[in-house]
Amino acid sequence: MMAILEVDVLVIGAGVVGAAVVRELSRYELALLLVEKEVDVSFGTSKANSGIVHSGIHDRPGTLKARLSVRGCQLFPELAAELGFLYKQNGAVVVARSREELAGLEKLAENGRANGVKDLSLLSREELSRIEPNLSAELAGGLLAPSGGIVVPFDLVFALTENAVANGAKLMVGTEVRGIKVEKDGFLVRTNRQPIRTKVIVNAAGLYGGEVAAMIGDHSIQLYARKGEEYLFDRKLEGLVQRTIFPLPSKVSKGILVIPTVDGNIMIGPTAHRVENYDLSTSVSGWNEIYSEARNLVPSLQPADLITAFSGLRAVGTTGDFMIAPSMISPRFINAAGIESPGLTAAPAIAEYIVELIKESGLPMPRKRRFNPLRSVVRLRDINPQAQAELMQKDPAYGQIVCRCEMVSAGEIRDAIRRGATTVDGVKLRTRSGMGRCQGGFCTPKIIRLLSAELGLPPEQISKNGPGSEFLFGRLRGNQAEKAKEEKEYA
Amino acid sequence: MLNTKEVDLVVVGGGPAGMAAAVAASEAGVEAIVLIERQARLGGILPQCIHNGFGLRFFKEELTGPEYAHRFMLELEKHPGIEVKTGTMVIKVTADRQVMTVSAAEGLVCYQARAVILAMGCRERPRGAINIPGTRPAGIYTAGSLQYLMNIEGFLPGRTAVILGSGDIGLIMARRLTLEGIQVKAVLELMPYSNGLNRNVVQCLEDFKIPLYLSHTVTAIHGQKRVEKVSVAPVGADLKPLVEKGFDLACDTLVLSVGLIPENELSLQAGVELDPATGGPVVDSFYHTTVEGIFACGNVAHVHDLVDDVSTESAIAGRAAAAYLRGEIRGTRWLPVKAGRNIRSVVPQRIVTGQATPLYIRARFPERDVLLQVGRGRSRRRIVSPGETIYYTVKPEEISETDGWIGVSLEGGEIDD
């Protein structure tokens, strides 16, 4: 019988919502546990997020989405300064593709003002082409929301999680919740690993939120998956647009956007189609839809500059709004479900909101005396040559460049592994190695070796993103002796 | 403060191009040369090319890739003026020939060079660049990275493979995988002809009975964690897949050999003009780029079929850099090449008058019994194909300065199907 792990609050799901909640909770004297069924944090919906910090103009006034996204957007600049994740307040522009759509822009501006979004301004077509000269000349005008921003979504999740862990929270990846028993003063949670006893549960399980809620007999959370495909262009297009470009939204989605990423790529997407299975494929129809729409906004985009494509699944609820509330079954089981767009933007505010809900549930929550809000990582690419030189003098591993396209050093990759990466994708998302124009062609074998050395595992056990995705099946004939020698070293 | 060193010549890249250029420059009298290589050892791609077929043109004997590289490493040792910096990456080249480098051994070092030779080679086009739909599992490799994993690291990367693209590395890897007991189910080629050398089609596919599907492509990749199968379909004349005629091939590995891209990010930083037809710098007969004092040779200039040609061309660039440093070849007269019928690219793009210039010409489509015209020069060719370089040395008497350019075209052929 395995020992039961006793905690005050269990957060299920280490996507952006779970990570933000646990980081906010780490301000208090609580025993915190964040569990994630994947082998790393941010490996689900958050990984494929568009990375937009929305201004809050799109959401219907009075909804949780409107309130929490406007608040979240306000929290981002300070949060980024504390946690050192990649964020930029680049502003957003919604464009009208015809004169008929201009009225729609005015309505959207009114909607935004009702939500408390500040500094909105309508732009004539001349003003639009002056600030964004590469937009189509056919556009009729725009609505500028300067508070909008962009963020690297997984970097945000890593930052939140790492800071929470630094403040005493416990993280368990590869830990899947299998069953929950409601007890008198809390819950007993069965997992594929150790059982957990907790006073409070926050259900931030994303697509699986309905299943988790059902484990305590709460069948109110009905979710479906809405897939979004995204296509990423080479960094040589950096500056093509400065701001995130939105078309006038439709009823179901914000449309196909042209997004400058913090790292300097241009990204187009996402689609928004309901799917029944959770596969993450991209499709010809998805590309055709995105490319034709995006070219209406920025005509110069060329498929020859593509470097990769990916897709993600949004967990969409039935109410049209976020479903954040204590369960009817237990006030200490808090659902954070249906967190579709603008969920990433709202996440810091969702966390504040959930902390209030937990306080209301009666859990004693003394403030921590020594909460450290700061976290920093070394990013060679983002520091000046003088600082680079000093860093390399201190530790030569920062002078050994492993990913040539994105200039990532062996030192940064080692740091990423020590920060929790156990897979090639985990290293990639933490460092950008393999995200550039060669897409890992040169650096993947080297990263396999670095992971192998740092984790003390044979290279055959190093995977792309978890069990089943290993790269190598063994050694070639004539290399068996080497394998045996290495295995001895690992043993 | 950053360390800045003044040198005569910096050669960026220690593969076959950079090694040949450095040796030639040293032989021509250049004294302080720095040869910079980002890998831990010299040779570029050659050490992983363990097959034979190298050296027939340059050394008049057949060598493997490592042997070929070794010949140049031995040459380098005879030239104490060449300082070799391995494990060192160039992160910036400026138009006034400052070269910023980074290494574990020395950190950041800046070289101020009187001349620079760019010899960075090329990289492989990845899956995303050709936008293959489907999932993103493990088991998708470009042919060159697969070759590295097998030939340098000694790993078994899969058990059943499909290869997309019939470029030379793809063909070589089809044979290599087969020799290691990995079943190659098919080599697929989008075009109606192979993009590799004919000798590789024969020696790597036909001799091993590996099926080559011309006018076919991968329409989807399947498998959540590891590749499980790929969907394949023939393509029509417009190269669009005819999905209704498609079929699936079960495999755990998909190998991509779908093109090489000269790595010119540094060249662009320095303001060097690129030729869209080659993806490499516009160069003259001396492999001098459009930026004074900066030369380019090897696969960074244009993708070669044979390393032998890289060596020949790079020696020209090395000697030219030496001449430049002596104050020669400045403001030389040249005429631009004008690509005519069935010509995709010609290198050099600018032909210096009054001397003979060897040209590397590539056709757009395969043809039989054509007349190659270069300026006033004429030459019959039995077969031309985009996969094989057309060689022609243009002589001074074939160039007329009054024309203002040098036309290159293939005339009167029959389209080869």
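Scoring rules and cut-offs
Residues numbered from 1 in each chain as written. Chains lettered and ligands numbered in written order. Predicted model: local features only at pLDDT ≥ 70, side-chain atom pairs only at ≥ 80, totals over all residues. Helix = DSSP H or I, 4+ residues; strand = E, 2+ residues; numbered from the N terminus. Rg over C-alpha atoms; globule rule 2.2 N^0.38 Å. Contact = placed C-beta atoms within 7 Å. Buried ≥ 20, exposed ≤ 12 C-beta atoms within 10 Å, placed from the backbone. pLDDT = per-residue confidence, 0-100. Nonpolar A, V, L, I, M, F, W, Y, C, P; charged D, E, K, R; others polar. Pairing = 2+ DSSP bridges. Axes fitted to C-alpha atoms, helices over the stretch in contact; angles between N-to-C directions. Domains from an automatic or database assignment. Parallel < 35°, antiparallel > 145°, perpendicular 65-115°, else oblique. Left-handed = near helix turned anticlockwise from the far one by under 90°.

Here the focus is the overall build of chain B. A tally of regular secondary structure across chain B gives eight helices and 27 strands. Taken over C-alpha atoms, the radius of gyration comes to 22 Å for chain B, in line with the 22 Å a tight globule of 417 residues would show. The principal-axis extents of the C-alpha atoms in chain B amount to approximately 65 × 55 × 40 Å. Pairs at least 24 residues apart make up 64% of the contacts formed inside chain B by residues separated by at least 6 positions.

Turning to the overall build of chain A, a few remarks are in order. Of regular secondary structure, chain A possesses 13 helices and 23 strands. Here chain A has a C-alpha radius of gyration of 23 Å; the compact-globule value for 491 residues is 23 Å, and the two agree. C-alpha extents for chain A along the principal axes are approximately 70 × 60 × 45 Å. The 491 residues of chain A split such that 56% are buried. Of the contacts formed within chain A by residues at least 6 apart in sequence, a portion of 72% connects residues at least 24 apart.

Turning to the confidence of the model for chain B, a few remarks are in order. Across chain B, the average pLDDT comes to 96, with 99% of residues at or above 70. This complex was scored by the predictor with a pTM of 0.95 and an ipTM of 0.93.

With that out of the way, let us pick up the interface of chain A and chain B. Contact with chain A, which involves 44 residues of that partner, is made by 41 residues of chain B. Elements with a minimum of two residues in the side of chain A that touches chain B: α7 (284-297), β18 (306-316), α9 (385-394), α12 (444-455) and β23 (474-475) of chain A. Along the lines of polarity and charge, the residues of the side of chain A that touches chain B split into 22 nonpolar, 16 polar and six charged. Here β23(A) pairs with strand β9 (residues 155-156) of chain B via two bridges, running antiparallel. The residue bridging G474(A) from the neighbouring strand is L156(B), located in β9(B).

Residues and elements named next belong to chain B. Read across the open sheet, the three strands follow the order β13-β14-β15; overall the sheet is antiparallel. Either end of the sheet is taken by a strand with one partner, and the two such strands are β13 (216-222) and β15 (247-250). Adjacent strand axes in the sheet meet at a mean angle of 30° when their direction is disregarded. Inspection of the sheet shows strand β14 (residues 229-234) paired to β15 by four bridges, in the antiparallel sense. From the neighbouring strand, V232 faces β15, where its bridge partner is F247.

All names here are of chain A. Segmentation of chain A into domains returns domain 1 (1-87 + 150-223 + 317-376), domain 2 (88-149 + 228-309) and domain 3 (380-490). With centres defined by C-alpha atoms, the gap from domain 1 to domain 2 works out at 29 Å. The interface is formed by 24 residues belonging to domain 1 together with 29 residues belonging to domain 2. Of all the secondary-structure elements, those providing two or more residues to the side of domain 1 that touches domain 2 are β3 (52-53), α2 (64-83) and β8 (149-151). In terms of residue count, α2 provides more of the side of domain 1 that touches domain 2 than any other element does, five residues in total.

The next point concerns the domain arrangement of chain B. All names here are of chain B. Domain boundaries in chain B define domain 1 (3-123 + 261-332), domain 2 (126-258) and domain 3 (336-415). Inter-centroid distance (C-alpha atoms) of domain 1 to domain 2 is 32 Å. Taken together, the six residues of domain 1 in the interface contact seven residues of domain 2. Broken down by class, the residue content of the side of domain 1 that touches domain 2 amounts to three nonpolar, two polar and one charged.

Residue and element names in this part refer to chain A. Two numbers describe how helix α1 (residues 16-25) lies on helix α8 (residues 343-360): the axes approach to 8 Å, and their chain directions differ by 40°. Taken together, the axes of α1 and α8 are oblique relative to one another. As for the relative orientation of α1 and α8, their crossing is right-handed in sense. Within the contact between the two elements, α1 uses V16, V17, A20, V21, R23, E24 and L25 and α8 uses G343, L344, A347, P348, I350, A351, E352, I354 and V355. Looking at the contact of α1 with α8 residue by residue, the class counts come to twelve nonpolar, one polar and three charged.

What follows covers the sheet that holds β3(A). Ordered by their spatial adjacency, three strands build an open sheet running β3-β8-β4 (chain A), and the pairing between neighbours is antiparallel. This sheet does not close on itself; its edge strands, each paired only once, are β3 and β4 (87-88) of chain A.

All names here are of chain A. Taken across its five residues, strand β5 (residues 92-96) has five buried, putting it largely inside the fold. Along β5, one buried face is formed by A92, V94 and A96 and the opposite face, lined by V93 and V95, is buried too. Inspection of the sheet shows β5 paired to strand β7 (residues 141-145) by five bridges, in the antiparallel sense. Each bridged residue has a counterpart across the sheet, and for V94 the counterpart in β7 is L143.

Another aspect to go through is the environment of Q89(A). All names here are of chain A. Mapped onto the elements, Q89 comes out in the loop between β4 and β5. For Q89, a count of 17 C-beta atoms within 10 Å translates into the label partly exposed. A C-alpha to C-alpha distance of 4.0 Å links Q89 and G149, two positions 60 residues apart in sequence. Those residues in contact with Q89, other than ones at most four positions away along the chain, are P77, S147 and G149.

Residue and element names in this part refer to chain B. Contact pair helix α1 (residues 16-27) / helix α2 (residues 65-77): the axes reach a minimum separation of 10 Å and the direction vectors enclose 30°. The orientation of α1 with respect to α2, classified from their angle, is roughly parallel. The handedness of the crossing between α1 and α2 is left-handed. Within the contact between the two elements, α1 uses P16, M19, A20, A22 and V23 and α2 uses A69, F72, E75 and L76. Split by residue class, the contact of α1 with α2 holds eight nonpolar, no polar and one charged.

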